[in-house]
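Structural characterization, general
The chain contents come next:
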Amino acid sequence: AGRYTKSNFGVGEVSERVLREGGASGEDAIFVSLSAPWVSARTTTLTLRSARAVPITRSLLASLREEGVAQVKGTVQIEEKLFRTTLEGYETPSPFGKRARHAEFALFQSFAPAGLPEQIEETISHHLPGRVFSFHAFSLLAFAGLRELVPSARTFFFVDVSGEQT
């Protein structure tokens, strides 16, 4: 994967326009939302089955992840979100510190081409120095936003029509 330029993703002209129009003067963080082809995302269910109840810890989740989820070659992980956990078949929002023989963890992960996040940071930092960057897949941001907007919807179908390749 070669070096990315401002023309590849238009970040330089966007940050220059924001500065010209007087924005971005006091923000501490810059949130970057990536969509295809700049990000790939996946949801994985990690499963624990044990003869005895074991403590559910972050290190247990990390070891399950290492065993069951391989990183996509030529990419860097930009985010990971644990969005559903069941212990003994019951969904729980706070699994850590509890004990279980059977656990399932639904995990969302997104990946960007190696070098892309650094190039985006470098381009924007040239115009907006000293900010903290946070990278996300647009699909997760949209899901979280829709979930917040329509909390009564148990299920929904989200369609994103955007970009010149659509």
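Residues numbered from 1 in each chain as written. Predicted model: local features only at pLDDT ≥ 70, side-chain atom pairs only at ≥ 80, totals over all residues. Heavy atoms only, no water.

**Thoughts on the sheet that holds strand β2 (residues 40–55)**
Pairing within the open sheet is antiparallel, and its four strands lie in the order β2-β5-β3-β4. Of all the strands in the sheet, just β2 and β4 (90–91) have a single pairing partner and so form its edges. Bridge count between β2 and strand β5 (residues 99–113): twelve bridges; the pairing is antiparallel. Bridge pairing in β5 links S40 to F111. (Pairing = 2+ DSSP bridges. Helix = DSSP H or I, 4+ residues; strand = E, 2+ residues; numbered from the N terminus.)

**Quick look at the confidence of the model for the protein**
Taken over all residues, the pLDDT of the protein has a mean of 83, while the share at 70 or more is 81%. Confidence, read as mean pLDDT per element, is least for helix α1 (residues 6–9) in the protein (50) and greatest for β4 (96). (pLDDT = per-residue confidence, 0-100.)

**Comments concerning the pattern of salt bridges**
Once the charged atoms of two side chains with opposite charge are near each other, the side chains can pair. Enumeration according to the criterion identifies one salt bridge in this entry. Across the pair E80 and R65 runs a salt bridge, and its minimum N-O distance is 2.9 Å. Remark: R65 occurs in helix α3 (residues 58–68) and E80 occurs in strand β3 (residues 75–87); sequence separation between them is 15 residues. Look at R65 and you get partly exposed, because its relative accessible area is 21%. (Salt bridge = Lys/Arg side-chain N within 4 Å of Asp/Glu carboxyl O. Buried < 20%, exposed > 50% of the residue type's maximum accessible area, 1.4 Å probe, protein only.)

**Thoughts on the nonpolar core**
The nonpolar side chains of a soluble globular protein tend to be buried with one another. Counting residues in hydrophobic clusters, the biggest one holds 15 residues, and the most contacted among them are V32, L34, I120 and F135. L34 has contacts with V39, I78, A112, L116, I120, F135, H136, A137 and F138, leaving out every residue within four places of it along the chain. (Core = buried A, V, L, I, M, F, W, Y, C linked by side-chain atoms within 4.5 Å. Contact = heavy atoms within 4.5 Å.)

**Some details on the environment of D28**
Within the secondary structure, D28 sits in the loop between α2 (11–20) and β1 (29–34). Assessed through its relative accessible area of 63%, D28 is described here as exposed. Spatially, the C-alpha atom of D28 lies 7.8 Å from that of G130, the residues being 102 residues apart in sequence. Setting aside its immediate chain neighbours within four residues, D28 contacts R131 and V132.

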